[in-house]
Amino acid sequence: MSSSMFACPVCDKKVPEWFMSDHLDHECAGMEPGDSSAGPAHAPAKRAAGMSSPNTQRKRASFLSSKPTKSHSSTSSKHENMDMRSEMPQTASQSSSNPVFQAGSAVSSSTDLEAERRRHNLRLPLAERLRPLTLDQFVGQHKLIGPQGILRALIESDQIPSMIFWSSPGIGKTTLARIIARKSSYAFKELSAVTQNLPDVKKVIDEAGNLLRLTGKRTILFLDEIHRFNKAQQDVFLPYLERGQIILIGATTENPSFRLNSALLSRCRVFQLEPLSADEIATIASHAYQLKREDAGHAAANLDPGIAAYISSVSNGDARAAINIVDLAMNSLPKSGALDLDCIRQALQRTHVVYGVEEHFDLISALHKSVRGSDDNAALYWLGRMLQGGDDPVYIARRLVRMASEDIGLADSSALPLAMSTLHACQAIGMPECDTILAHCTVYLARAPKSVESYKAFKRVKAVVSAEHPWPVPLHLRNAPTRLMKELGYAEGYKYNPDYDEPVDQEYLPEQIKNYNFFKDS
């Protein structure tokens, strides 16, 4: 729940969004009970004259009482926790204007409050505690949020459009959305398509509509993992985006072109976040190391560059993974121990690689192009990446069969039987035994001579078949198994080639395309 403050439309008092309903019902100093005519213009005079009702005074006195009640303590804890869940911690200025944190509330001392917040922060994951709060703290994405970045310009001008953040995990999509919420004047709601459903979304949209009508304030709805909603479900956003009732920020690890419907994409700007570089991952890992030392009460120290570089190399560009590696390694250290590469390796225990739909198609493309380019070294590497990622060896073998015909073709006709044997072997014995068979076939195809003559010729055939009329088969090429067909002229004039010693002059294409040569560019 956002803790943003805005003015009451009746008395102009600044109150938190979550407290607006209670304020209007019980506390508003600009309206006497039963007086429906009072408005903002009457509020200052009534406050100056001390004309708030006894009921209003009683509510206000109860709310700001120095003796914390059970219900108020619960309310304070509830809203503080909600702020923590939404990860929009209050600034000092927000805290001073929020009744929950005023003097005399459940937490009466700023020192106690800071101590409680610190204890709570220590219970949060390290990656959460390191989450940047400003654009200047954000690591990476210089093209978008650097001094000349388009996204920075939009944020600083408070002109936030609906947008989709697309990247692999751990790049900063959620963090960037929360920074936008902090920097902008909009209300902010955060949902996840993993744990929320359409009724939850509609509830937030309705609340956004009420807030817009009441205060004129628009709402940013951040939906993490937006691709988890199917394309029909995604239609729920369309009318509200059209009316400007919400500003949608979606985060996805899947290609929006395939996973989001075109109507939604036409209303949102897609920003593809770039993978973090090794230096950027090393910087983040160093920050994590320094914070862990601070927690342990140790003096500040920089992470060893060699260790930082190693963490970068095994994190796959995932900042969260790098932070978690540092966290686990530091937690496993004895009190007097020092962090070294052995500690990192023991903490890592890497059992898998990042491998999703995008990686699958990118890697098979790289494998195919390496074979086509006769680079056996690179082809073996991409094969290894696919197998380590858990890809289906039978799928890889089928693609090798295709390569044998498409790229080697007529230059080495033995490549196709070898590829088919590879496919059958993979189907028969599976992994891990078939990995060497796949490597054998991959290297053979990469080293084999290449010919795309038949492949290109057939592409031209398909283009003609798709574009032109299906011309009839010439009569002399047709079969004539019955008397009627023979009487109609089927097979008449056909020359049986083995009966001739010399080349036979005979047309085999329809009359309309007899001059086409599919083996040459026309």
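Reading the values: rules and limits
Residues numbered from 1 in each chain as written. Predicted model: local features only at pLDDT ≥ 70, side-chain atom pairs only at ≥ 80, totals over all residues. Heavy atoms only, no water. Helix = DSSP H or I, 4+ residues; strand = E, 2+ residues; numbered from the N terminus. Buried < 20%, exposed > 50% of the residue type's maximum accessible area, 1.4 Å probe, protein only. Contact = heavy atoms within 4.5 Å. Areas by Shrake-Rupley, 256 points an atom, 1.4 Å probe, with all protein chains shown as cover. Phe/Tyr/Trp six-rings, centres within 6.5 Å; stacked < 30°, edge-to-face > 60°. Lys NZ or Arg CZ within 6 Å of the ring centre and 35° of its normal. Pairing = 2+ DSSP bridges. Right-handed = clockwise from strand over helix to strand, strands pointing away. Core = buried A, V, L, I, M, F, W, Y, C linked by side-chain atoms within 4.5 Å. Patch = residues over 30% accessible without salt bridge, like charges linked within 9 Å, V, L, I, M, F, W, Y side chains within 5 Å. Salt bridge = Lys/Arg side-chain N within 4 Å of Asp/Glu carboxyl O. Axes fitted to C-alpha atoms, helices over the stretch in contact; angles between N-to-C directions. Parallel < 35°, antiparallel > 145°, perpendicular 65-115°, else oblique. Disulfide = S-S within 2.5 Å. Left-handed = near helix turned anticlockwise from the far one by under 90°. Nonpolar A, V, L, I, M, F, W, Y, C, P; charged D, E, K, R; others polar.

Asker: Where do I start with the overall build of the protein chain in this structure?
Answerer: Scanning the protein chain for helices and strands turns up 26 helices and 7 strands. Each of the 522 residues in the protein chain was classed as buried or not, and the buried ones make up 43%. A separation of at least 24 residues holds for 67% of the contacts in the protein chain among residues at least 6 apart in sequence. Element-wise, carbon and sulfur atoms account for 53% of the exposed surface of the protein chain, whose accessible area totals about 28,700 Å².

Asker: Honestly, the packing of aromatic side chains in this entry has me stumped. Any pointers?
Answerer: Counted under the stated rule, the structure contains 3 aromatic pairs. With centroids separated by 6.3 Å and ring planes inclined at 50 degrees, the aromatic side chains of Phe165 and Phe271 adopt a geometry described as tilted. Pair noted here: Phe165 is in strand S3 (residues 163-166) and Phe271 is in strand S7 (residues 269-272), with a separation of 106 residues, a long-range link. Look at Phe165 and you get buried, because its relative accessible area is 0%. Looking at Phe271, the relative accessible area reads 3%, which means it is buried. Ring centres of Tyr516 and Phe518 lie 6.2 Å apart, and the angle between their planes is 80 degrees; this geometry places the pair in the edge-to-face category. Exposure remark for Tyr516: the relative accessible area of 34% places this residue in the partly exposed category. Sitting over the face of the ring of Tyr490, Arg478 holds its NZ or CZ atom 5.0 Å from the ring centroid.

Asker: For this particular structure, what's the right way to read the side chain of Ser370?
Answerer: Inspection of the secondary structure assignment puts Ser370 in helix H20 (residues 357-372). Ignoring anything within four residues of it in the chain, the contact list for Ser370 reads Asp375, Ala378, Ala379 and Trp382.

Asker: Help me out: how do you make sense of the pairing of strand S4 (residues 187-192) in this one?
Answerer: The element S4 is extensively covered by neighbouring structure, given that 5 of its 6 residues are classed as buried. The sheet contact formed by S4 and strand S5 (residues 219-224) spans 6 bridges and is parallel. Bridge pairing links Phe188 to Ile220 in S5. Crossover connection from S4 via helix H11 (residues 198-215) to parallel S5: handedness right-handed.

Asker: Sorry if this is basic, but what is going on with the nonpolar core here?
Answerer: In a soluble, globular protein the nonpolar side chains are often hidden away together inside. Core analysis: the biggest nonpolar cluster contains 52 residues, and Leu151, Ile311 and Leu339 have the highest contact counts within it. In this structure, Leu367, Leu387, Ala397 and Leu445 belong to the second largest nonpolar core, which totals 26 residues.

Asker: Is there a simple way to explain a nonpolar patch on the surface in this structure?
Answerer: Among the surface-exposed residues, Tyr494, Tyr496 and Tyr508 lie close enough to one another that they form a single nonpolar patch of about 340 Å² accessible area. You can see Tyr494 is positioned in the segment after helix H26 (483-487).

Asker: I'm lost on the sheet that holds strand S6 (residues 246-252) in this one. Help?
Answerer: One key point about sheets: their strands pair by backbone hydrogen bonds, in either a parallel or an antiparallel sense. Spatial ordering of the open sheet is given by S4-S5-S6-S3-S7, a layout of 5 strands whose pairing is parallel. With one partner strand each, in any of the chains shown, S4 and S7 form the two edges of the open sheet. The average angle at which neighbouring strand axes cross in this sheet is 20 degrees, direction not considered. In this structure, S3 lies alongside S7, joined through 4 bridges in parallel fashion. Bridging across to S7, Trp166 finds its partner in Gln272.

Asker: What's the story with the packing of helix H21 (residues 376-388) against helix H22 (residues 393-408) in this structure? I'm lost.
Answerer: Two measures define how a pair of helices packs: the angle their axes make with one another and the distance between the axes. Orientation of H21 relative to H22, taken along the N-to-C sense of each, is 150 degrees, at an axis distance of 10 Å. Between H21 and H22, the crossing angle belongs to the class labelled roughly antiparallel. Residues Leu383, Met386 and Leu387 of H21 form the contact with H22, whose participating residues are Pro393, Tyr395 and Ile396.

Asker: Could you clarify how one ought to interpret the pattern of salt bridges in this entry?
Answerer: Opposite charge on two side chains lets them pair, provided their charged atoms get close. Under the definition given, this model contains 14 salt bridges. The residue Glu274 makes a salt bridge to Lys143 at a minimum N-O spacing of 3.4 Å. Here the residue Glu274 occupies a position in the loop between S7 and helix H16 (278-295), and Lys143 occupies one in helix H8 (residues 142-145), the gap between them amounting to 131 residues. Glu274 sits in the partly exposed class, given a relative accessible area of 35%.

Asker: Please explain the state of the cysteines as it appears in this structure.
Answerer: Put plainly, a disulfide is one covalent bond tying together the sulfur atoms of two cysteines. One pass over the structure, following the stated rule, counts 0 disulfides. Here Cys434 is not disulfide-linked; the sulfur of Cys426 is the nearest cysteine sulfur, at 3.9 Å. Overall, Cys434 belongs to the buried group, its relative accessible area being 0%.

Asker: Where do I start with the packing of H21 against helix H24 (residues 435-447) in this structure?
Answerer: Following both chains from N to C, one finds H21 and H24 inclined at 150 degrees, their axes separated by 9 Å at the closest point. When the axes of H21 and H24 are compared, the pair comes out roughly antiparallel. Considering the relative orientation of H21 and H24, their crossing is right-handed. Here Asp376, Ala379, Leu380, Leu383 and Leu387 of H21 lie close against H24, whose contacting residues are Asp435, Leu438, Ala439, Thr442, Val443, Ala446 and Arg447. Residues belonging to the contact of H21 with H24 are distributed by class as follows: 8 nonpolar, 1 polar and 3 charged.

Asker: Just to check I follow, could you spell out the environment of Tyr289 for this structure?
Answerer: Its location among the elements puts Tyr289 in helix H16. On the accessibility criterion, Tyr289 (10% relative accessible area) is buried. Between the alpha carbons of Tyr289 and Ala301 there is a distance of 8.3 Å; along the sequence they are 12 residues apart. For Tyr289, the contacting residues outside a window of four places in its chain are Ala301, Asn302, Leu303, Val326, Met330 and Leu339.

Asker: Help me understand unusual backbone geometry, please; the structure alone is not making it clear to me.
Answerer: For residues other than glycine, phi is negative in most cases, and the peptide bonds are mostly trans. Going from Met431 to Pro432, the amide bond is cis rather than trans, its omega being 5 degrees. By the element assignment, Pro432 lies in the loop between helix H23 (415-429) and H24. The phi dihedral of Glu225 is positive, around 55 degrees, even though this residue is not glycine. The topology assignment puts Glu225 in the loop between S5 and helix H12 (231-234). You will see that Ala491, though not glycine, has its phi angle at about 70 degrees, which is positive. Mapped onto the secondary structure, Ala491 falls in the segment after H26.

Asker: Hey, could you run me through the pairing of S5 in this one?
Answerer: Here is the key point about a regular strand: its side chains alternate between the two faces of the sheet. Counting buried residues along S5, 6 of its 6 residues qualify, which places the element largely inside the surrounding structure. Of the two faces of S5, the one holding Thr219, Leu221 and Leu223 and the one holding Ile220, Phe222 and Asp224 are both buried throughout. Relative to S6, S5 is paired through 6 bridges, and the arrangement is parallel. Residue pairing for S6: Thr219 is matched across the bridge by Ile246.

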